[in-house]
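Working through the structure, step by step
In case you want the letters, here they are:
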Amino acid sequence: MEAFYHDNSRKSAFTERARQLGPLSGSESCQVELLEWSSGDVSISPGLISTHARALQDRAQPRLQIVFAPLDMAHHQSATSVQAVFDRYAIPSDFISQRLVSVTHSFGANYDGKNCSSWFHFLCKNVTANVASQPSGCADPRKTVISQSDWTWIRTSAFLRWSNCQDKENASAVLVLFSATKKLRDRFQRAWNGDLAEILIDPFSLFAICLDELWMQSQDIVDIARKEFGEMELTALGLAKATATNKNAGNPDFVGLHKMAKHIIYLKEGADAAILILSHLQKFHEKLLARPPQGDEALPIMHLTDQMLGQKAVQFEVWQLRMASTEQRMQNIINLSFNVVTQHDSHILKNDSKSMKAIACVTMAFLPLATFAAVFGSQFFNFDEKKHRITVSSDFWILWALIGPLSLSVSFLYYYLCYFRGSTRDSLTKALERKHVLSP
């Protein structure tokens, strides 16, 4: 019945998308690394076993195995190897579909009473500190000229298959980790010693280790983002202080603020997604805990796994709270930066207004002189140099007949534009507001 829900065409879509990027490489092009354990292996070498994806088909399946595979993205250089991993461990089409659409988070599980499979996708924004530049900041490892830009992401997927889970003697488990970090590999290598039979009682303990390491990695990224944000915050506060004392200290880096705000939003989204993954994982594990596949003897170990998953949930909630407070602080700094620019512009306008006021005062001082000079310089006045007298033309009334109506017209137009139209606009606004309030 489980096969009824799977759509193998998703594998074809995965391969076709990879083929669009270029010619597909062979399955030998990408190496996979393995950690293996079988019954009776008490002393195990912590070293990884390296092989290519095609060789997995011919390799005997141990009781417990962890496979470190390349990133399960539809890329032409790794698609064939990833497909070989899909086929070898019968990874369901839902897992492939979620990767095809680059989900922020996902969780899936199947249990038929004999075999159990579960998986999740983890996506988190990566922030790289550029300590070489001055001033320091976030920078994409690739070359970029945009302030505080970083387009890299942390992508990790995990698929767990627990076979014959009701048979304690023959149960086996395999965990496939796509794009596992070096720290995660080292974590499993350190734990890969002694008798690992207890893991086969509840392999979901492997998920707890994965999520713990992903949380640690995300906190390193959060610390980098918060540190860079703190420096931007100090810069903004310094600009605000300088602006308050009428000093020109420059303009805020709005592009950098925008990029940093995006990083914080994505990191908060990653925290929310991780909490959802853990929530679904805990619910599924509680269903298994209600009816343990290997009987009540497995309850102590399954309860311990459940407790560990609960602790991971608390850790991700801490991440969520940190990002919520950082997001609010970021919004405050953006508002402060806009206010700093507005205040700086108001100082400039204030200085300009003082200059205009001085020019207006000088103009008003010479306005009477200019008026008399214009009137007496007209053709309505004749200067008799012999008699040293000024003769006024009999048509002098024409000057006032023209100036009077023009002055009244200009005054009326000014009054209309400044008062009448303004009051009309206010009346219309109030009428529309009343209509909006009264309308159902």
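Here we summarise the structure given alongside this text. Within any chain, residue numbers begin from 1 and follow the written order of that chain's sequence. Two thresholds apply to this predicted model, a pLDDT of at least 70 for residue-level local features and 80 or more for giving and counting side-chain atom pairs, whereas whole-chain, interface and lining totals are computed over all residues. The side-chain figures draw on all heavy atoms in the structure; neither hydrogens nor water molecules are used.

The next point concerns the overall build of the chain. A helix here means a DSSP run of H or I that spans at least four residues, while a strand means a run of E at least two residues long, and both kinds are numbered starting from the N terminus. The secondary structure content of the chain amounts to 8 helices and 11 strands. Exposure classes here rest on a 1.4 Å probe applied to the protein chains alone. A residue is buried below 20% of its type maximum, exposed above 50%, and partly exposed in between. Counting all 440 residues of the chain, 39% fall into the buried class. Contacts spanning at least 24 positions in sequence make up 74% of the contacts within the chain whose residues lie at least 6 apart. Calculation of accessible area relied on Shrake-Rupley with a 1.4 Å probe; when residues are assessed, cover is drawn exclusively from the protein chains displayed. About 25,100 Å² of surface is accessible on the chain, with carbon and sulfur atoms providing 59% of the total. Residues are treated as being in contact if the distance between any of their heavy atoms lies within 4.5 Å.

For the rest of this paragraph, the subject is the layout of surface pockets. Think of a 1 Å grid over just the protein atoms. A cavity is a set of points where a 1.4 Å probe fits yet cannot get out, a pocket is an open set with protein on both sides within 12 Å along at least five of seven lines, and lining residues have an atom within 4 Å of a point. Grid points are joined across faces, edges and corners, and a volume is the space filled by probe spheres set on the points. In this structure, the second largest pocket encloses a volume near 290 Å³. In terms of lining residues, the second largest pocket is bounded by 14 residues, among which Glu198, Ile199, Ser205, Leu304 and Thr305 are the most central. Contributing elements (two or more residues each) for the lining of the second largest pocket: helix 5 (204–244) and helix 7 (299–376). Here the lining of the second largest pocket takes 5 residues from helix 7, the largest share from any one element. Each residue is assigned to one of three groups, with Ala, Val, Leu, Ile, Met, Phe, Trp, Tyr, Cys and Pro labelled nonpolar, Asp, Glu, Lys and Arg labelled charged, and all others, Gly among them, labelled polar. For the lining of the second largest pocket, the class distribution of residues is 7 nonpolar, 2 polar and 5 charged.

This next bit is on the nonpolar core. Here is a general trend for soluble globular proteins: nonpolar side chains tend to be buried in one another's company. To qualify as a nonpolar core, a set must consist of buried Ala, Val, Leu, Ile, Met, Phe, Trp, Tyr and Cys residues joined through side-chain atoms within 4.5 Å. Phe120, Leu175, Leu177, Phe188 and Trp319 are the most contacted members of the largest nonpolar core, which has 66 residues in total. With sequence-adjacent residues up to four places away left out, Phe120 is seen in contact with Ser106, Phe107, Thr156, Ser157, Ala158, Phe207, Cys210, Leu211, Leu214 and Ile277. If you look at the next biggest cluster of nonpolar residues, it comprises 24 residues, including Ala18, Ala79, Phe86 and Ile91.

Quick look at the packing of aromatic side chains now. Between the rings of Phe, Tyr and Trp (Trp by its six-membered ring), a pair exists once the centres lie within 6.5 Å; its type follows the angle of the planes, with under 30 degrees stacked, over 60 edge-to-face, and the other angles tilted. A full pass over the atoms with the stated rule returns 13 aromatic pairs. Both rings, one in Phe14 and one in Phe86, keep their centres 5.5 Å apart while their planes meet at 70 degrees; by these two values the pair is edge-to-face. With a gap of 72 residues between them, Phe14 in helix 1 (residues 9–19) and Phe86 in helix 2 (residues 79–88) connect regions that are remote in the sequence. Accessibility assignment for this pair places Phe14 and Phe86 in one class, buried. An aromatic cluster of three or more residues is present, and its members are Phe14, Phe86, Phe95, Trp119, Phe159 and Phe178. Comment: the charge-over-ring label is applied if NZ (Lys) or CZ (Arg) is within 6 Å of the ring centre and within 35 degrees of the ring normal. The lysine or arginine in question, Arg88, covers the ring of Tyr89, its NZ or CZ lying 5.1 Å from the ring centre. The side chain of Lys125 reaches across the aromatic face of Trp153, ending 5.4 Å from its centre.

For two strands to pair, DSSP has to find at least two bridges joining them. With respect to topology, 7 strands assemble into an open sheet ordered 2-1-3-9-8-5-4, the strand pairing being mixed. Taken across any chain shown, the strands that pair with only one partner, and hence form the sheet edges, are strand 2 (49–52) and strand 4 (105–111). The mean inter-strand angle of the sheet, taken between neighbouring strand axes irrespective of direction, is 15 degrees. Pairing of strand 5 (residues 116–125) with strand 8 (residues 153–163), which is carried by 10 bridges, proceeds in the antiparallel orientation. Following the sheet pairing, Lys125 is matched in strand 8 by Trp153. Only the stretch in contact is used when a helix axis is fitted, and all axes are lines through C-alpha atoms; the angle between N-to-C directions ranges over 0 to 180 degrees. Together, strand 4, strand 5 and strand 8 form the strand contacts of helix 6 (residues 254–290), whose direction differs from that of strand 4 by roughly 15 degrees.

Let's shift gears to the pairing of strand 11 (residues 389–392). Bridge analysis of strand 10 (residues 381–384) against strand 11 gives 4 bridges, and the strand direction is antiparallel. When the sheet's bridge partners are listed, Phe383 is paired in strand 11 with Ile390. Hairpin connection from strand 10 to strand 11: 4 residues lie between these consecutive antiparallel strands, with His388 at a positive phi of about 55 degrees.

Look at helix 1 against helix 3 (residues 93–100): their axes get within 9 Å of each other, and the N-to-C directions meet at 35 degrees. Regarding helix 1 and helix 3, the two cross each other, and that crossing is left-handed. Side by side, helix 1 and helix 3 meet where Arg10, Lys11, Ala13, Phe14 and Arg17 of the first sit next to Ser93, Ile96, Ser97 and Leu100 of the second. Split into classes, the residues belonging to the contact of helix 1 with helix 3 amount to 4 nonpolar, 2 polar and 3 charged. The hand of a helix crossing depends on one turn: near helix anticlockwise from the far one by less than a right angle means left-handed, and clockwise means right-handed.

Attention shifts here to the packing of helix 6 against helix 7. The N-to-C vectors of helix 6 and helix 7 enclose an angle of 160 degrees; their axes lie 8 Å apart at closest approach. With respect to each other, helix 6 and helix 7 are oriented roughly antiparallel. As helix 6 packs across helix 7, the resulting crossing turns out to be left-handed. Class assignment of the residues belonging to the contact of helix 6 with helix 7 gives a composition of 27 nonpolar, 9 polar and 7 charged. For classification purposes, an angle smaller than 35 degrees is called roughly parallel, one larger than 145 roughly antiparallel, one from 65 to 115 roughly perpendicular, and anything else oblique.

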